[in-house]
Amino acid sequence: NRRYVLGWIRDGIRQFHPDLVLLQEVVGENEKHKNKIKDYPSTSQFEYLADGVWSHYAYGKNAAYDEGHHGNAILSHYPIIKWHNLDLSTNRWESRGLLHTTVKIPKKKEIHVMSLHLDLIERGRQLQVKKVCDYIKKHTKPDDILVLGGDFNDWAEKAGAHLEKESGLIETFSALHGYHAKSFPSFFPVLPLDRIYTRNLKPLSAECARGAVWRKLSDHLALFTEYEF
C-alpha cells in the first residue's frame, strides 16, 4: 500500500527474536523514496532492519531501475563467512534471484542459508526450481545443514516435490502441520506461496504470523520456524 511501514516491519520481525531473517523485495536504494518520504532511512532497508540486532547481513540485487534497486536479503546474529547471488531471471519482466550465504554458528557446523523469489508464471518456476536444485547439488554436500526460504509463488504446490526429491529438503510448516502455510494475500490468506525448506535440522515449530498488524505490513504474511541441531 502507500503507507510507509518500514519501522513497523522492523518491530514485527523483532518480536520473534529470530537468529536468521530471510527477506524478499528489500530495497537496497531508492532516491525517489528518500526525497519524498519523511524519516526514510539514509541506509538501505536491510541495514535499517538489522541495526542494533543482527550484526551480519548480505544482500543480493535482483532488480535495478532508474531510482535504485531491490532484491533478497539475509540478516544473521552469526557471522556470514561468504555469500553469492544467483540470477534466476527467466524473462524481461521479472528479475529474480537466490541469495546464498554460509553462516558460522559457534560450536556448530556451518549452515547454508538461502533466500529466494520465484516467478509468477509456472513455466518460469519450473526452470528456476531445476536451476536451484542443480546449484544446491553443486555447492553443498548431502550432510550439510541447509535452510532455503522465500516467496515461491507456487500456488499449484508443484515446486516442493522436486526440491524434496532432488535436494533432500523438507518443508517445515508442512512437515509439522500436514499442509503448506496459507500466506497470501495477507488480508485473506488462501494461497500457500511462502515456504521454508530445511535439510539436516529437526523442525520444532512453525507458524504463520496473523492478525491486523501483520496485514498492514505486507501483502504476504511472515513465517516463523524453530529448529534443533
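Structural data are supplied above this passage.
Each chain carries its own residue numbering, running from 1 in the direction its sequence is written. A pLDDT threshold of at least 70 governs which residues receive local features in this predicted model, and a stricter bar of 80 or more applies before side-chain atom pairs are shown or counted, although totals over entire chains, interfaces and linings include all residues. Side-chain descriptors were evaluated using all non-hydrogen atoms of the structure, hydrogens and water having been removed beforehand.

**Student:** Quick one: what's the story with the overall build of the protein, residue by residue and with numbers?
**Tutor:** Of the regular secondary structure elements, the protein holds seven helices and 11 strands. Here the protein has a C-alpha radius of gyration of 17 Å; the compact-globule value for 229 residues is 17 Å, and the two agree. Only protein chains enter the accessibility calculation, which uses a 1.4 Å probe; a residue is then buried when its area is under 20% of its type maximum, exposed when over 50%, and partly exposed in between. Looking at the protein residue by residue over its 229 residues, the buried ones come to 48%. Looking at the protein alone, contacts between residues at least 24 apart form 65% of all its contacts between residues at least 6 apart. Computed with a 1.4 Å probe, the accessible areas rest on the Shrake-Rupley method; for each residue, only the protein chains presented here act as cover. When the accessible surface of the protein is split by element, carbon and sulfur atoms take 51% of a total near 12,300 Å². Only runs of H or I of at least four residues qualify as helices and only runs of E of at least two qualify as strands under DSSP, and these elements are numbered from the N terminus. The globule rule used for comparison is 2.2 Å times the number of residues to the exponent 0.38, while the radius of gyration itself is calculated over C-alpha atoms. Whether two residues are in contact is decided by their heavy atoms: any pair within 4.5 Å suffices.

**Student:** Please provide a residue-by-residue account of the environment of H84, values included.
**Tutor:** Along the polypeptide, H84 turns up in strand 4 (residues 80-87). A C-alpha to C-alpha distance of 27 Å links H84 and A206, two positions 122 residues apart in sequence. Residue contacts for H84: discarding those within four places in its chain leaves L98, L99, H100 and Y135.

**Student:** Which residues make up unusual backbone geometry, and what values do they have?
**Tutor:** With omega at -10°, the peptide bond leading from F184 into P185 counts as cis. Within the secondary structure, P185 sits in the loop between helix 6 (172-177) and strand 9 (194-199). Here H17, not a glycine, exhibits a phi torsion of approximately 55°, which is positive. Tracing the backbone through its elements, the reader meets H17 in the loop between helix 1 (6-14) and strand 1 (20-30).

**Student:** Outline a nonpolar patch on the surface, supporting the account with residue identities and numerical values.
**Tutor:** A surface patch of nonpolar side chains, about 300 Å² in accessible area, is lined by L120, I121 and W155. A residue is classified by how much of its surface remains accessible, and I121, at 52% relative accessible area, is exposed. Only residues above 30% relative accessible area that lack a salt bridge enter a patch, with like-charged residues linked at up to 9 Å and the nonpolar side chains Val, Leu, Ile, Met, Phe, Trp and Tyr linked at up to 5 Å. Salt bridges are defined by distance alone: a side-chain nitrogen of Lys or Arg within 4 Å of a carboxyl oxygen of Asp or Glu.

**Student:** Describe in detail helix 5 (residues 159-167), supporting the description with residues and values.
**Tutor:** Those residues of helix 5 lying buried are A159, G160, L163 and S167. With its buried residues spanning 95° around the axis, helix 5 presents them on a single face. Facing away from the buried side of helix 5 by over 90 degrees, the exposed positions are A161 and K165. Taken together, the buried residues of helix 5 touch helix 4 (122-139), strand 7 (145-151) and strand 9. Working note: the arc is built from the helix axis to C-beta atom directions.

**Student:** Break down the packing of aromatic side chains for me, with residues and values.
**Tutor:** In this scheme Phe, Tyr and Trp rings, the latter by its six-membered ring, pair at centre separations within 6.5 Å, and the angle between planes marks the pair as stacked below 30 degrees, edge-to-face above 60, and tilted otherwise. The final tally for this structure, using the stated rule, is seven aromatic pairs. Look at F173 and Y179: their rings are 5.6 Å apart centre to centre, the planes differ by 70°, and that puts the pair in the edge-to-face class. Residue class for F173 comes out buried when judged on its relative accessible area of 9%. Chaining the aromatic ring pairs together yields one cluster made of F16, W214 and F224. In this scheme, Lys NZ or Arg CZ marks a charge over a ring once it lies within 6 Å of the ring centre and within 35 degrees of the ring normal. The residue whose ring lies beneath R10 is Y48, and the NZ or CZ to ring-centre distance is 4.1 Å.

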